[in-house]
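Here are the chains, one letter per residue:
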Amino acid sequence: MACNSNTLISIVFRLTECIQLMFAFQCLLSYPLQSFVPYEILWNNYLTARWTKILDHEILWSAVLRAAIPWSTVLIAVSIPFLDLMISIVGAFCLPTVGITFPAIMEICIYYNEDRLSRFVLLKNVCLVTIGIFSCILSTCMCAVTILNQLEK
């Protein structure tokens, strides 16, 4: 079966549209599932423990909370003009801190409590903390400069 180039372009274009539609549908259905843990924490630890009136209409308020959590994140994302830059500055601050600095500090604390802290481990972790702090400051400053340059345009 042979087809000309126009037919092939049309098929590829329709397939691309179909894949984009399927991806959007998947996001629509799976995004609220990501809010399940915050929902459980809010519902079980705070709302039902503090407000007994909620228990009178538990199904209604549960549905309202399940809808409010994903919608609140969407509204926050829509309200930030440069969301990609905000995500990069959060990543620039958090990744060096959580990935480099905190594990080194925790290892120092654990080894110190167990009386296993050697000079090598201490030196290694001090170097890691220094690199982590330097990386955090440098990457956060670079993202801040990028945001300022974008705001000036």
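Not measured: the values here are computed from a predicted model.

Rules of the game
For every chain, the first residue of its written sequence is number 1, and the numbers climb from 1 along that sequence. Local features are withheld for residues below a pLDDT of 70 in this predicted model, meaning they are given only at 70 or higher, and side-chain atom pairs are given and counted only at 80 or more; totals for whole chains, interfaces and linings count all residues. Heavy atoms throughout the structure, all of them, feed into the side-chain values; hydrogens and water do not. The secondary structure listing takes helices from DSSP runs of H or I that are at least 4 residues long and strands from runs of E that are at least 2 residues long, numbered from the N terminus. For the radius of gyration, the atoms used are the C-alpha atoms, and the globule rule reads 2.2 Å times the number of residues raised to 0.38. The buried label goes to any residue with under 20% of its type's maximum accessible area, the exposed label to any with over 50%, and the partly exposed label to all in between, with areas taken from a 1.4 Å probe on protein chains only. Under this rule, positive means Lys or Arg and negative means Asp or Glu; His and the chain ends count for nothing. Every charge is mapped onto a representative atom, which is NZ of Lys, CZ of Arg, CG of Asp or CD of Glu. A pair of Phe, Tyr and Trp rings is counted when the ring centres sit within 6.5 Å of each other, with Trp represented by its six-membered ring. The angle between the planes then sorts it: under 30 degrees is stacked, over 60 is edge-to-face, the rest tilted. The rule is short: NZ of Lys or CZ of Arg within 6 Å of the ring centre and within 35 degrees of the ring normal puts a charge over the ring. The working definition used for a salt bridge is a side-chain nitrogen of Lys or Arg within 4 Å of a carboxyl oxygen of Asp or Glu. UniProt positions are given in the numbering used here, feature names are shortened, and annotations may be inferred rather than shown by experiment. Using a 1 Å grid laid over the protein atoms alone, points where a 1.4 Å probe fits but cannot get out form a cavity; open sets with protein on both sides within 12 Å along at least 5 of 7 lines form a pocket; any residue with an atom within 4 Å of a point counts as lining. Grid points are joined across faces, edges and corners, and a volume is the space filled by probe spheres set on the points. Three classes are used, and their members are as follows: Ala, Val, Leu, Ile, Met, Phe, Trp, Tyr, Cys and Pro are nonpolar, Asp, Glu, Lys and Arg are charged, and the others, Gly among them, are polar. For every residue, the predictor assigns a confidence score, pLDDT, that lies between 0 and 100. The criterion used for residue contact is that any of the two residues' heavy atoms lie within 4.5 Å. Each axis is a line fitted through C-alpha atoms, taken for helices only over the stretch in contact, and angles between the N-to-C directions span 0 to 180 degrees. For classification, angles of less than 35 degrees are called roughly parallel, those exceeding 145 degrees roughly antiparallel, those between 65 and 115 degrees roughly perpendicular, and all remaining angles oblique.

Caption draft 1: Representation of the overall build of the protein chain within the structure. Counting its regular elements, the protein chain contains 5 helices and 0 strands. When its helices and strands are written in sequence order, the protein chain yields α-α-α-α-α. A compact globule built from 153 residues should have a C-alpha radius of gyration of about 15 Å, whereas the protein chain, at 25 Å, is more than 25% larger. Viewed in the frame of its principal axes, the protein chain has a C-alpha envelope of about 70 × 60 × 45 Å. Across the 153 residues of the protein chain, 17% fall into the buried class. If the 8 positive side-chain charges of the protein chain are averaged to one point and the 9 negative ones to another, these points end up 3 Å apart.

Caption draft 2: Layout of the packing of aromatic side chains. Per the counting criterion, the structure on display carries 2 aromatic pairs. For the ring pair Phe-36 and Tyr-39, a centre distance of 6.4 Å and an interplane angle of 40° mean the geometry is tilted. Highlighted residues: Phe-36 and Tyr-39, both in helix 2 (residues 36-50), separated by 3 residues, approximately one helical turn. You can call Phe-36 partly exposed: its relative accessible area is 41%. Put simply, the rings of Phe-36, Tyr-39 and Trp-43 pair up and form one aromatic cluster. Here the basic side chain of Arg-116 rests over the ring of Tyr-111, its NZ or CZ set 4.5 Å away from the ring centre.

Caption draft 3: Molecular detail of the pattern of salt bridges. If you walk through the whole model with that rule in mind, you get 3 salt bridges. Between Arg-14 and Glu-17 there is a salt bridge, with the nearest N and O atoms lying 3.2 Å from each other. Of the two residues, Arg-14 and Glu-17 both sit in helix 1 (residues 5-30), 3 residues apart, roughly one turn of that helix. Judged by its relative accessible area of 52%, Arg-14 is exposed.

Caption draft 4: Structural detail: the UniProt feature "transmembrane region" (unreviewed entry) in the protein chain. In the numbering used here, UniProt assigns the "transmembrane region" (unreviewed entry) feature to residues 59-83, 89-113 and 125-148. Along residues 59-83, the helical share is 88% and the strand share 0%, with 34 Å between the first and last C-alpha atoms. With 100% helix and 0% strand, the stretch residues 89-113 has end C-alpha atoms that lie 35 Å from each other.

Caption draft 5: The layout of surface pockets, seen in detail. Roughly 160 Å³ of internal volume is contained in the largest pocket. Lining the largest pocket are Cys-27, Leu-28, Tyr-31, Pro-32, Arg-66, Ala-67, Pro-70, Trp-71 and Val-74. At the level of elements, helix 1 and helix 3 (58-79) are the ones that each hand at least two residues to the lining of the largest pocket. Ranked by residue count, the leading element in the lining of the largest pocket is helix 3, at 5 residues. Residue composition of the lining of the largest pocket, by class: 8 nonpolar, no polar and 1 charged.

Caption draft 6: Representation of the confidence of the model for the protein chain. Looking at the protein chain as a whole, its pLDDT mean stands at 86, while 97% of the residues score no less than 70. Of all helices and strands in the protein chain, the one with the weakest mean pLDDT is helix 1 (81), whereas helix 5 (residues 119-152) scores best (93).

Caption draft 7: Molecular detail of the side chain of Thr-101. With respect to the helices, strands and loops of the structure, Thr-101 is situated in helix 4 (residues 83-113). Beyond its immediate sequence surroundings of up to four residues, Thr-101 is in contact with Pro-96, Val-129, Gly-132 and Ile-133.

Caption draft 8: Representation of the packing of helix 4 against helix 5. Contact geometry for helix 4 and helix 5: axes closest at 9 Å, N-to-C directions at 170°. One way to sum up the angle between helix 4 and helix 5 is to call them roughly antiparallel. Across the contact of helix 4 with helix 5, the residue classes tally to 20 nonpolar, 10 polar and 2 charged.

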